[in-house]
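What follows is each chain in one-letter form.
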Amino acid sequence: MKLSVGTETVDDLAAWQGQKRVQTADGYPRHITRMWPRRESEVLSGGSIYWVIKGVVQARQKILRLDEVIGQDGIRRCAIVLEPELIRTAPALRRPFQGWRYLDPKDAPPDLSESRAKDDDLPPDLSAKLAEIGVL
């Protein structure tokens with residue numbers, strides 16, 4: 001799981017990832033993090049990054065590979081290279097956290113069906129409240 005800081009909706013995340021500066025040379029979006037995954041083989045065996053937007057897991061993306069990136073400061077970082085498609089999930093509340101967290105597959109929110117994935121986005125606060133009481 002990873003917080004999508006600064007985005008209000010899944011569409012905001014998609015727009016941000018569409019910018020060239022967050023894409024790899026092959027056009028795939030990436031997320032750069034300071035820490036290399038300790039569970040690399042699990043992550044690369046069909047893993048996804050689950051995006052927490054405004055305190056609610058709302059989407060996921062399949063992880064394609066991990067690329068080494070050396071910053072201008074000389075520090076080694078990990079670029080998590082992602083499938084471009086954002087798969088909307090059932091909303092699931094998450095408390096704030098720093099960095100990223102592993103999510104046990106049994107605790108992962110299910111993907112929304114094709115018909116639900118095209119639903120209009122609810123305002124983030126309303127989505128969080130509905131998830132809190134178990135309606136979504």
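The following paragraphs examine the structure supplied in this document. Just so it is clear, the model here is predicted, and its values are computed rather than measured.

**Details of the overall build of the chain**
Here comes step 1: A tally of helices and strands in the chain yields 4 helices and 6 strands.
Here comes step 2: Starting at the N terminus and ending at the C terminus, the chain contains elements arranged as β-α-β-α-β-β-β-β-α-α.
Here comes step 3: The buried share among the 136 residues of the chain stands at 40%.
Here comes step 4: Accessible surface computed for the chain: about 8,500 Å², of which carbon and sulfur atoms make up 50%.

**Brief notes about the pattern of salt bridges**
Here comes step 1: The full count for this structure, using the stated rule, is 9 salt bridges.
Here comes step 2: For Asp111, the salt bridge is made with Arg60, and the minimal N-O distance between the two is 2.8 Å. Here Arg60 lies in strand 4 (residues 56–70) and Asp111 lies in the loop between strand 6 (87–93) and helix 3 (114–117), a separation of 51 residues in the sequence.
Here comes step 3: The exposure class assigned to Arg60 is buried, which follows from its relative accessible area of 11%.
Here comes step 4: Each of Asp26, Arg65 and Asp67 takes part in one network of salt bridges that share partners.

**A few points about unusual backbone geometry**
Here comes step 1: Of note, the phi angle at Lys54 is positive, near 55 degrees, even though the residue is not glycine.
Here comes step 2: Note on placement: Lys54 falls in the loop between strand 3 (48–53) and strand 4.
Here comes step 3: Take Lys54: its relative accessible area is 41%, and that puts it in the partly exposed class.

**So, the environment of Val52**
Here comes step 1: Mapped onto the fold, Val52 is located in strand 3.
Here comes step 2: The exposure class of Val52 is buried, given its relative accessible area of 2%.
Here comes step 3: A C-alpha to C-alpha distance of 6.9 Å links Val52 and Met1, two positions 51 residues apart in sequence.

What counts and how
- Residues numbered from 1 in each chain as written.
- Predicted model: local features only at pLDDT ≥ 70, side-chain atom pairs only at ≥ 80, totals over all residues.
- Heavy atoms only, no water.
- Helix = DSSP H or I, 4+ residues; strand = E, 2+ residues; numbered from the N terminus.
- Buried < 20%, exposed > 50% of the residue type's maximum accessible area, 1.4 Å probe, protein only.
- Areas by Shrake-Rupley, 256 points an atom, 1.4 Å probe, with all protein chains shown as cover.
- Salt bridge = Lys/Arg side-chain N within 4 Å of Asp/Glu carboxyl O.

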